[in-house]
Amino acid sequence: MLAWEVRQPGPIRTEPLRAVDRPVPEPGPGEVLLRVRACGVCRTDLHVAEGDLPPHLPGVTPGHEIVGEVVTPGERFAAGDRVGVAWLRGTCGMCKYCRRGDENLCPRSVYTGWDAHGGYAEFAVAPEAYIYPLPGDRADVELAPLLCAGIIGYRALRSAALPPAGRLGIWGFGGSAHLAAQVAIAEGAVVHVFTRAAAARALALELGAASAQDSFDPSPEPLDSAIIFAPAGELVPAALERLDRGGTLAIAGIHLTDIPALNYQADLFQERRLRSVTANTRADGEEFLRLADRLRLKVTVTPYPLTEADRALADLAADRVNGAAVLLPPGGH
């Protein structure tokens, strides 16, 4: 089968990805074999390829937004079922975090496309306990971004403690942000978007944002909550300064450049809060997928053939992707 692997982590201009021919993998205990029908291209894949995240598996195949068709049946899913594979791949189930419902904080958690091969391939294996059933009436290419961009964006939205009819600021407007914004708007929020990309600003307004401006422009009004999706630490003071008293800023990414020194009086006083978002729980995924189906979220995608995974990742790095990039193996749609 065709698969892509991280040959040597490094800047995208050094071409860290290479295409290889691998045998179709065999599922282990508790796993199922999937034919990959679509795989989203996430900024976390870029962090894995460029080495922002330290390598966990040499030659890893990235990709953790997998829409797949079950080939070998398991206990929960039959051959032919369409399922989704997300970032969280496994937890210990025994530590204090798992026992209290915070499995995203499990110290022994493992991740698709980082600790084990992911979906930049024609076939993949995944633990059956960590995959999701998918609705049958949406195209593969639209479902793929829901499986990480959507789930993580949803957790970030909840972590931002947005009050009813609140004012939400979003920094960065790619695959994750454009889904979280739709949920917030559907729930009655006023959304203001801050991003350097003109096409992203246009998409934000099309989806119902009240305003869209450059990353460091003034906010049209004080914000109750904010989310930073861009991996840029210099945005943290900008977002905090735009929060109203008692507001919460959630940082959604797994990687962030260094945060400049904060001024306590200007940035944090008046009970402003700063929170990080770490992975997701399976409950997050189940809840978000039901909500996305009920709200019929519009998923803006830029499709690429699987043979051009390296170009898709380079386009993501250069902010040339509108919405979410999705890889399509032969037969995907």
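Residues numbered from 1 in each chain as written. Predicted model: local features only at pLDDT ≥ 70, side-chain atom pairs only at ≥ 80, totals over all residues. Heavy atoms only, no water.

In the annotation of an unreviewed UniProt entry, the protein is listed under the name alcohol dehydrogenase and assigned to Actinoallomurus vinaceus. According to UniProt, the comment filed for the protein under the heading Cofactor (unreviewed entry) is "Zn(2+)". Taken from UniProt, the Sequence similarities (unreviewed entry) comment for the protein reads in full: "Belongs to the zinc-containing alcohol dehydrogenase family." (UniProt positions renumbered as here; feature names shortened; annotations may be inferred.)

(A) Molecular detail of helix 5 (residues 177-186). With respect to burial, helix 5 is a largely interior element, eight of its 10 residues being buried. Taken residue by residue, helix 5 has A177, H178, L179, A180, A181, Q182, V183 and A184 as its buried positions. Residues of helix 5 that are buried make contact with helix 4 (149-159), strand 10 (167-171), strand 11 (190-194), helix 6 (198-206) and helix 9 (282-295). Directly after helix 5, the chain includes G188, whose backbone phi takes a positive value near 100°. (Buried < 20%, exposed > 50% of the residue type's maximum accessible area, 1.4 Å probe, protein only. Helix = DSSP H or I, 4+ residues; strand = E, 2+ residues; numbered from the N terminus. Contact = heavy atoms within 4.5 Å.)

(B) Representation of the packing of aromatic side chains in the model. Inspection of the entire model under this criterion finds six aromatic pairs. Relative to Y111, the ring of W87 lies with its centre 4.8 Å away and its plane at 25°, an arrangement referred to as stacked. Taken as a pair, W87 in the loop between strand 5 (82-85) and strand 6 (88-90) and Y111 in strand 7 (residues 110-111) lie far apart in primary sequence, 24 residues in all. According to the relative accessible area criterion, W87 is buried, its value standing at 5%. The buried category is assigned to Y111, whose relative accessible area is 9%. Here W171 and F194 contribute two aromatic rings whose centre-to-centre distance is 4.1 Å and whose plane-to-plane angle is 5°, an arrangement assigned as stacked. Residue W171 is located in strand 10, and its partner F194 is located in strand 11; the two are separated by 23 residues in the primary sequence. Note on W171: relative accessible area 0%, which makes it buried. Taken together, W87, Y111 and W114 form an aromatic cluster joined through their ring pairs. Sitting above the plane of the Y130 ring, R282 keeps its charged end 3.8 Å from the centroid. (Phe/Tyr/Trp six-rings, centres within 6.5 Å; stacked < 30°, edge-to-face > 60°. Lys NZ or Arg CZ within 6 Å of the ring centre and 35° of its normal.)

(C) Fine view of the packing of helix 1 (residues 43-50) against helix 10 (residues 309-317). Packing of helix 1 against helix 10 leaves a shortest axis separation of 10 Å and a crossing angle of 105°. Regarding the angle of helix 1 to helix 10, the classification is roughly perpendicular. Residues R43, D45, L46 and A49 of helix 1 pack against L313, L316 and A317 of helix 10. Residues that form the contact of helix 1 with helix 10 fall into these classes: five nonpolar, no polar and two charged. (Axes fitted to C-alpha atoms, helices over the stretch in contact; angles between N-to-C directions. Parallel < 35°, antiparallel > 145°, perpendicular 65-115°, else oblique. Nonpolar A, V, L, I, M, F, W, Y, C, P; charged D, E, K, R; others polar.)

(D) View of the nonpolar core. Among the nonpolar cores identified, the biggest contains 46 residues, and L146, I170, F173, V191, I227 and F288 are the most heavily contacted of them. Only helix 3 (140-143), helix 4, strand 10, helix 5, strand 11, helix 6, helix 9 and strand 17 (324-328) provide two or more residues apiece to this core. No other element matches the six residues that helix 5 contributes to this core. When sequence neighbours within four positions are dropped, the list of residues in contact with I227 reads A156, L157, A160, L168, G169, I170, W171, L249, A250 and A252. Within the second largest apolar cluster, 40 residues are counted, among which are W4, V41, Y111 and I152. (Core = buried A, V, L, I, M, F, W, Y, C linked by side-chain atoms within 4.5 Å.)

(E) Examining the pairing of strand 11 more closely. Along strand 11, four of the five residues are buried, which leaves the element largely enclosed by surrounding structure. Sheet topology places strand 10 next to strand 11; five bridges connect them, and they run parallel. Of the residues in strand 11, the one forming a bridge with I170 is V193. In terms of handedness, the path from strand 10 via helix 5 over to strand 11 forms a crossover that is right-handed. What joins strand 11 to strand 12 (residues 211-213) is helix 6, and the crossover it makes is right-handed. (Pairing = 2+ DSSP bridges. Right-handed = clockwise from strand over helix to strand, strands pointing away.)

(F) Fine view of the UniProt feature "domain: Alcohol dehydrogenase-like N-terminal" (unreviewed entry) in the protein. As recorded in UniProt, the sites labelled "domain: Alcohol dehydrogenase-like N-terminal" (unreviewed entry) are residues 28-135. Between the first and last C-alpha atoms of residues 28-135 the distance is 26 Å; the span itself is 11% helix and 31% strand.

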